[in-house]
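Chain residues, written in single-letter form:
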Amino acid sequence: MSEHSGQEPGERTASDIAHNARVWNYWLGGKDHYEVDEQVGNQVTSMYPSIGEVARADRAFLGRAVTHLAGQAGIRQYLDIGTGLPTAENTHEVAQRIAPDSRVVYVDNDPIVLTHARALLTSADEGATSYVDADARDPAAILRAASGTLDLGRPVAVMMLGILNFVLDTAEATTIVRHLLAAVPSGSYLVLTHPTLELGGGGNEAAMRFWNENATPPITARDRAEIEGFLDGLDVLEPGLVSCARWRTDGADEGPVVAQFGVMARKP
């Protein structure tokens with residue numbers, strides 16, 4: 001990786017401060033991170049030992065959710081906001097394995113993610129995969145860019161895994177969700193995961209404080225009621241809002257309960 005150029009005196013470089021996408025990559029066993037990401041990742045793990053399980057459970061949830069959407073639900077369009085660094089079993093890989101004509105737009109605003117996404121997130125010939133460099137806080141810009149690949153008049157799965165926790169104000173986060181869902185038709189879906197201090201996650205509070213003091217971007221946890229607020233007006237699929245490690249596992253790949261809610265809901 002190359003560092004950002006053109007920095008001002010005293011400005012921190014990409015390798016000076018840990019970044020969520022790279023630390024998450026480290027917890028998932030990837031190689032796309034700096035030493036500072038390992039250091040912060042290790043410290044968080046020492047304070048909250050199950051964080052690696054959270055990362056793996058979140059990734060497994062993605063696979064199960066997209067499998068359901070592409071298969072039983074018949075969804076062929078995906079807006080994946082907060083892509084992170086590509087690993088195995090990305091949204092388009094799961095969807096296009098079931099339905100090769102699936103179209104996927106990935107959204108992130110980190111330059112390192114952008115470089116890797118453009119190189120690695122390639123589509124099946126029958127479908128399409130594109131990358132939007134945009135901030136989750138600007139849903140209007142996301143929708144404008146995504147409309148070049150997706151037909152927003154047809155159902156879309158809006159994927160927001162581990163992204164709303166970086167929007168610290170709950171009212172703002174709710175507005176973002178409602179803006180996105182207002183732009184897609186009936187039959188569209190919202191899929192999200194979100195960290196919580198519930199579900200045995202109380203020990204994560206100190207780790208989150210450490211993260212916010214030593215890494216970027218800052219993060220917040222939310223409780224069940226706050227996350228249910230994102231789902232107003234939607235039909236929540238069974239089993240409802242649960243630990244992402246317990247969402248439709250059928251016991252096959254069920255791991256330990258993790259303090260990360262997962263849910264899927266349909267726009268009626």
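Worth saying up front: this structure is predicted, and the values here are computed from it rather than measured. Each chain carries its own residue numbering, running from 1 in the written order of its sequence. In view of the model being predicted, local features appear only for residues whose pLDDT reaches at least 70, and side-chain atom pairs are presented and counted only at 80 or more, with totals across whole chains, interfaces and linings using the full set of residues. Hydrogens and water molecules were not included; the side-chain quantities draw on all heavy atoms of the structure.

## Topic: the overall build of the protein
Helix and strand assignments come from DSSP, with helices taken as H or I runs of at least 4 residues and strands as E runs of at least 2, each series counted from the N terminus. Secondary structure summary: the protein contains nine helices and 10 strands in total. Under the scheme applied here, a residue whose accessible area is under 20% of the maximum for its type counts as buried, over 50% as exposed, and between as partly exposed, the area being computed with a 1.4 Å probe on protein chains only. Evaluated residue by residue, the protein yields a buried proportion of 51% over its 268 residues. Each accessible area is a Shrake-Rupley estimate made with a 1.4 Å probe; only the visible protein chains count as cover when residues are assessed. Taken as a whole, the protein presents about 11,500 Å² of accessible surface, with 48% of it coming from carbon and sulfur.

## Quick notes on helix α3 (residues 51-70)
Under the convention used throughout, the expected extent of a helix is 1.5 Å for every residue step, that is, one less than its residue count. Helix length check: α3 (20 residues) gives 29 Å between terminal C-alpha atoms against 28 Å at 1.5 Å per residue, within 8%. Within α3, 15 of the 20 residues are buried, leaving the element largely enclosed by the surrounding structure.

## Section: the pairing of strand β6 (residues 189-195)
With seven of its seven residues buried, β6 lies for the most part within the structure. Residues of β6 alternate between two faces, with Y189, V191, T193 and P195 on one and L190, L192 and H194 on the opposite face, all of them buried. Should DSSP find at least two bridges between two strands, the strands are regarded as paired. In the sheet, strand β5 (residues 157-161) pairs with β6 via five bridges, with the strands oriented parallel. By the bridge assignment for β6, A157 is matched with Y189.

## Here we look at the confidence of the model for the protein
Chain-level pLDDT for the protein is 88 on average; 90% of the residues reach the 70-or-more range. This stretch, residues 1-13, has a pLDDT under 50; its non-local contacts, to residues over four places away or in other chains, come to 14 contacts. You can read pLDDT as the predictor saying how much it trusts each residue, on a scale of 0 to 100. Residues count as neighbours in contact if any of their non-hydrogen atoms are within 4.5 Å of one another.

## Topic: the side chain of N20
When you line up the elements, N20 lands in helix α1 (residues 20-27). Residues contacting N20, with those up to four places away along its chain left out, are F166, W211, T216 and P217.

## Structural notes on the pattern of salt bridges
Here, a salt bridge means any Lys or Arg side-chain nitrogen found within 4 Å of an Asp or Glu carboxyl oxygen. The full count for this structure, using the stated rule, is four salt bridges. In this structure, D37 engages R22 in a salt bridge whose closest nitrogen and oxygen atoms are separated by 2.6 Å. Highlighted residues: D37 in helix α2 (residues 35-47) and R22 in helix α1, separated in sequence by 15 residues. The two residues D37 and R22 agree in class, both being buried. In this structure, R178 engages D232 in a salt bridge whose closest nitrogen and oxygen atoms are separated by 3.3 Å. Of the two residues, R178 is situated in helix α7 (residues 170-182) and D232 in the loop between α9 (224-229) and β8 (235-236); the sequence distance between them amounts to 54 residues.

## A word on the nonpolar core
Among buried residues, those of type Ala, Val, Leu, Ile, Met, Phe, Trp, Tyr and Cys that are joined through side-chain atoms within 4.5 Å constitute a nonpolar core. Counting 80 residues, the largest nonpolar core has Y78, L79, I81 and M160 as the members making the most contacts within it. Per-element tally for this core: the top contributor is α3, with 10 residues. Apart from the residues within four sequence positions on either side, M160 is in contact with I81, I176, V177, L180, L190, V191, L192 and T193.

## What about unusual backbone geometry?
Most peptide bonds are trans, and most residues other than glycine sit at a negative phi. At the junction of T216 and P217, the peptide bond is cis and its omega measures out at -10° in the coordinates. Among the secondary structure elements, P217 is positioned in the loop between β7 (215-216) and α9. Note the cis peptide between E238 and P239, where omega equals 5°. Within the element layout of this structure, P239 appears in the loop between β8 and β9 (242-243). Backbone geometry places R248, a non-glycine residue, at a positive phi of 50°. Its location among the elements puts R248 in the loop between β9 and β10 (260-266). Residue class for R248 comes out partly exposed when judged on its relative accessible area of 29%.

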